[in-house]
Amino acid sequence: MHTPEEDARARDAADPGHRHLFLVPPAEGGRYPEVAYLAGNSLGLQPRATREELLADLDAWRRLGVEGHLEAERPWLPYHELLTAPAARLVGARPAETVVMNSLTVNLHLLMVSFYRPAGERTRIVIEDSAFPSDSYAVRSQARFHGLDPDTAVIRLTPRPGEDTLRTQDVLDFLATEGHTVALLLLGGVNYLTGELMDIPAITAAGRAAGAVVGWDLAHAAGNVPLALHDWDVDFAAWCSYKYLNSGPGALGGVFVHERHLGDPALPRFEGWWSTEAASRFEMTPVSRPPATVEAWQISNPPIFAMGPVRTSLELFDSVGMPALRERSLRLTGYLEGLLDEVTADRPLTVVTPREPARRGCQLSVRIGAGSANELTKRLRHEHGVIADAREPDIVRFAPVPLYSTYHDCWRVADALAATVEATR
Ligand SMILES: Cc1ncc(COP(=O)(O)O)c(C=O)c1O
């Protein structure tokens, strides 16, 4: 490592981010008081504000019982509406197009009920070969649900031989020849494994021009990169809130359905009492009257104590703003990349994330040429207080998160890798 520790310290002094708003786990031994937390792509850290806000909602229940539905400071009946506008701003949507509900895979299923409608020769679902397994299982089970063979109905796009990431052109070429057979294109906006940011507008436009429905899993994109789902004409999208949105383990996810689909009576949808317009909810009628908003996809009354942390987090994103976060993200990830270049040059380590900043978010994925990713991750944690995560067999992921990560965290990653992985010359 040529870059001295003081260099990272100086950058932190000049570009401190918003770490003071978060609770960083203690290191419990070693040279530094806190861990270097690079796993925000898996589970984001807890904002300091979350605890008080959550306790306030809990207290409303203690004081008001059932009357909290209408009389709590943040009444529970319309509570989800508090999350709608900030979630919409985060993903570049209109409020009618966005709702926070359920968890990610559940939402993907509910959206596929509406948007995966195989017919005639247009029966296939296209995903990337390195799709997160939950998405893979979800689309295969959807194919089976429609009486199709998942081995032929699900197409998995692979990178060119010798390459680690999909090229946009490869997706476009596939659509140009096979688009007429595609019912649904469902890709990850940022790939969970490689950290590649797809060209969402270009792929969406090509997919729609080919006559397919285009949906996006934005688990690794929401809160990581700027999004403009409405303007990009995306048909639907879903994301989780426990990664970059720092809303806690298993936090509620978000859903986007483009305005052009809202209020369409021809779309099949699974419904419950939260799918009907709020004004008619307590009329106790046998037939629903769904609103012409994405709230028509809601089913059950929402878990208020799970919504509080999402609300707190979205307020934070609103106050800092995605453009400023992206700027800092480019600086931090660029810094980590430079440090990794120093370490990987003479070690069996390769960064597989695209080098162009426009083709990635904050995560850099490193392929290890020898040994197990799990073992390396454990050593980074126990010997150096660096928390990253492994995806077996050979990928270790590092995500400097612009809200709370530091340049010093990046330096510690490179320093720990240099100490842990033996140099080859
Ligand atoms: C890309 C992606 N899709 C889906 C999931 C599954 O999410 P959930 O357990 O909230 O359904 C994850 C979880 O990490 C993910 O990274």
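Look above for the structure.
This write-up is about the structure you can find in this document. (Residues numbered from 1 in each chain as written. Predicted model: local features only at pLDDT ≥ 70, side-chain atom pairs only at ≥ 80, totals over all residues. Heavy atoms only, no water.)

1. Things to note about the pairing of strand β9 (residues 236–239)
Then comes step 1: Side chains Phe236 and Ala238 project from β9 onto one buried face, and the interleaved Ala237 and Trp239 project onto a second face that is buried too.
Then comes step 2: Note: strand β8 (residues 213–217) against β9, three bridges, orientation parallel. Bridged to Asp217 within β9 is Ala238.
Then comes step 3: Of the pairings in the sheet, the one linking β9 to strand β10 (residues 253–257) comprises four bridges and is antiparallel in character. Bridging from a neighbouring strand, Trp239 pairs with Gly254 of β10. (Buried < 20%, exposed > 50% of the residue type's maximum accessible area, 1.4 Å probe, protein only. Helix = DSSP H or I, 4+ residues; strand = E, 2+ residues; numbered from the N terminus. Pairing = 2+ DSSP bridges.)

2. With respect to the side chain of Asn224
Then comes step 1: The residue Asn224 is located in the loop between β8 and β9 in this model.
Then comes step 2: If sequence neighbours within four positions are ignored, Asn224 has contacts with Val190, Tyr244, Met322, Gly361 and Cys362. (Contact = heavy atoms within 4.5 Å.)

3. Some thoughts on the pattern of salt bridges
Then comes step 1: Enumeration over the complete set of coordinates arrives at 40 salt bridges.
Then comes step 2: Linking Arg94 and Glu259 is a salt bridge whose minimum nitrogen-to-oxygen distance equals 3.1 Å. Here Arg94 is found in the loop between α4 (81–91) and β4 (98–101), whereas its partner Glu259 is found in the loop between β10 and α10 (304–320), with 165 residues between them in sequence.
Then comes step 3: A relative accessible area of 40% means that Arg94 is categorised as partly exposed.
Then comes step 4: Close ionic contact of Arg167 with Glu163 constitutes a salt bridge, the shortest N to O distance being 2.4 Å.
Then comes step 5: For Glu163, a relative accessible area of 29% gives the class partly exposed.
Then comes step 6: Residues joined by salt bridges that share partners form a network here, namely Glu53, Asp57, Arg74, Arg311 and Glu315. (Salt bridge = Lys/Arg side-chain N within 4 Å of Asp/Glu carboxyl O.)

None of this, on its own, says anything about what the molecule does.
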